[in-house]
Amino acid sequence: MNGVPLSAMQDKGKWFIYPFFGFHMLMFGLSGFFMSYAEHGPSLFFIYMHGGIAIVVYLIFYRVIFGLDEVRWMLINAALGFLGIYSQLGWLLDKFGKNIDDYPWYVNITPFLYYVLYTFLLRQFLIDVTGSRGNLARLKWVNALYVTGSLLVYGGMLVRT
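How each quantity is defined
Along every chain, residues carry numbers that run from 1 in the direction the sequence is written. In keeping with the predicted nature of the model, local features appear solely for residues at pLDDT of at least 70, side-chain atom pairs appear and are counted solely at 80 or more, and the whole-chain, interface and lining totals rest on all residues. To obtain the side-chain values, all non-hydrogen atoms of the structure were used and water was disregarded. To qualify as a helix, a DSSP run of H or I must reach at least 4 residues; to qualify as a strand, a run of E must reach at least 2; elements of each kind are numbered from the N terminus. Any pair of residues with heavy atoms lying within 4.5 Å of one another is described as a contacting pair. Residue-level accessible areas treat just the shown protein chains as cover; the underlying method is Shrake-Rupley with a 1.4 Å probe. Only the stretch in contact is used when a helix axis is fitted, and all axes are lines through C-alpha atoms; the angle between N-to-C directions ranges over 0 to 180 degrees. For classification purposes, an angle smaller than 35 degrees is called roughly parallel, one larger than 145 roughly antiparallel, one from 65 to 115 roughly perpendicular, and anything else oblique. Two helices crossing with the near one rotated counterclockwise from the far one by less than a right angle form a left-handed crossing, whereas a clockwise rotation gives a right-handed crossing. Each residue receives one of three labels: charged for Asp, Glu, Lys and Arg, nonpolar for Ala, Val, Leu, Ile, Met, Phe, Trp, Tyr, Cys and Pro, and polar for the others, Gly being one of them. Relative accessible area decides the class of each residue, using a 1.4 Å probe on protein chains only: under 20% of the type maximum gives buried, over 50% gives exposed, and in between gives partly exposed. Given a helix with a known number of residues, its expected span is that number minus one, times 1.5 Å. Side-chain atoms alone can form a polar contact between residues adjacent in sequence; in general such a contact is a pair of N or O atoms within 3.5 Å, and within protein one must be able to donate a hydrogen while the other accepts it.

Enquirer: What is the right way to read the overall build of the protein from this model?
Expert: Regarding its fold elements, the protein presents five helices and zero strands. Projected onto its principal axes, the C-alpha coordinates of the protein cover approximately 55 × 35 × 20 Å. Of the contacts formed within the protein by residues at least 6 apart in sequence, a portion of 76% connects residues at least 24 apart. As presented, the protein carries roughly 9700 Å² of accessible surface, and 72% of it is formed by carbon and sulfur atoms.

Here you go:
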């Protein structure tokens, strides 16, 4: 700590966290996506081990970095996420000439969980970039806009598919 207050270190560190975890998780998420939906991909056990270990580690980091209350928001993301994941993964798979309904539900678990983790990181970024973390009124607006924007995007993608 070298005499630097924790809050000052956290403020400086947050601009490292988003690019680092955003890129890192994108790479793991993409590899999990392509392995899950590959025609002759690895075994489901390997996909669960590859994705599962990373997801548990991300959850630990999220709890330490963002706190329990923020991680609870991931449950809200998960509820929104189910609609979003289904619509967006369906849209993305369609770009590869595949259909999400052609895969059993358990194949979708790893890509679904990465989606929830990524949308959590997006909300945290929006909170910090708008300076809403310490401002309850602004935080309520950001949360409302986040939920409304998510529903509009997801609904639009479901209508298009």
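Enquirer: Where do I start with the packing of helix 4 (residues 109–129) against helix 5 (residues 136–160) in this structure?
Expert: Working note: a packed helix pair is described by the angle between its axes plus the distance between those axes. For the pair helix 4 and helix 5, the least separation of the axes is 10 Å and the interaxial angle reads 140°. Here helix 4 lies oblique to helix 5, going by the angle between them. The way helix 4 lies across helix 5 gives a crossing that is right-handed. Contact residues: Tyr115, Thr119, Leu122, Arg123, Leu126 and Ile127 in helix 4; Leu139, Val142, Asn143, Tyr146 and Tyr154 in helix 5. Per-class residue counts for the contact of helix 4 with helix 5 are eight nonpolar, two polar and one charged.

Enquirer: Looking at this structure, how should I read the side chain of Thr119?
Expert: With respect to the secondary-structure elements, Thr119 resides in helix 4. You can call Thr119 buried: its relative accessible area is 9%. The contacts of Thr119, once residues within four sequence positions are left out, are Asn77, Tyr146 and Tyr154.

Enquirer: What should I look at first to understand helix 5 in this one?
Expert: Residues spaced three or four apart along an α-helix point in a common direction, a consequence of the helix completing one turn every 3.6 residues. Here helix 5 contains 25 residues, and its C-alpha end-to-end distance of 36 Å stays within 8% of the 36 Å for a straight helix at 1.5 Å per residue. Considered for burial, the residues of helix 5 that qualify are Leu139, Val142, Asn143, Tyr146, Ser150, Tyr154 and Met157. Looking at where helix 5 begins, the residue whose side-chain oxygen comes 3.2 Å from the main-chain nitrogen of Ala137 is Asn135.

Enquirer: Hey, could you run me through the packing of helix 2 (residues 44–66) against helix 4 in this one?
Expert: Across the interface, helix 2 lies against helix 4 with an axial gap of 10 Å and an inter-helix angle of 20°. Comparing the axis directions of helix 2 and helix 4 gives the class roughly parallel. The two elements helix 2 and helix 4 cross, and the hand of that crossing is left-handed. Where helix 2 approaches helix 4, its residues Ile47, Tyr48, His50, Gly51, Ala54, Ile55, Tyr58, Leu59, Tyr62 and Phe66 are matched on the opposing element by Ile109, Thr110, Leu113, Tyr114, Leu117, Phe120, Leu121 and Gln124. By residue class, the composition of the contact of helix 2 with helix 4 is 14 nonpolar, four polar and no charged.

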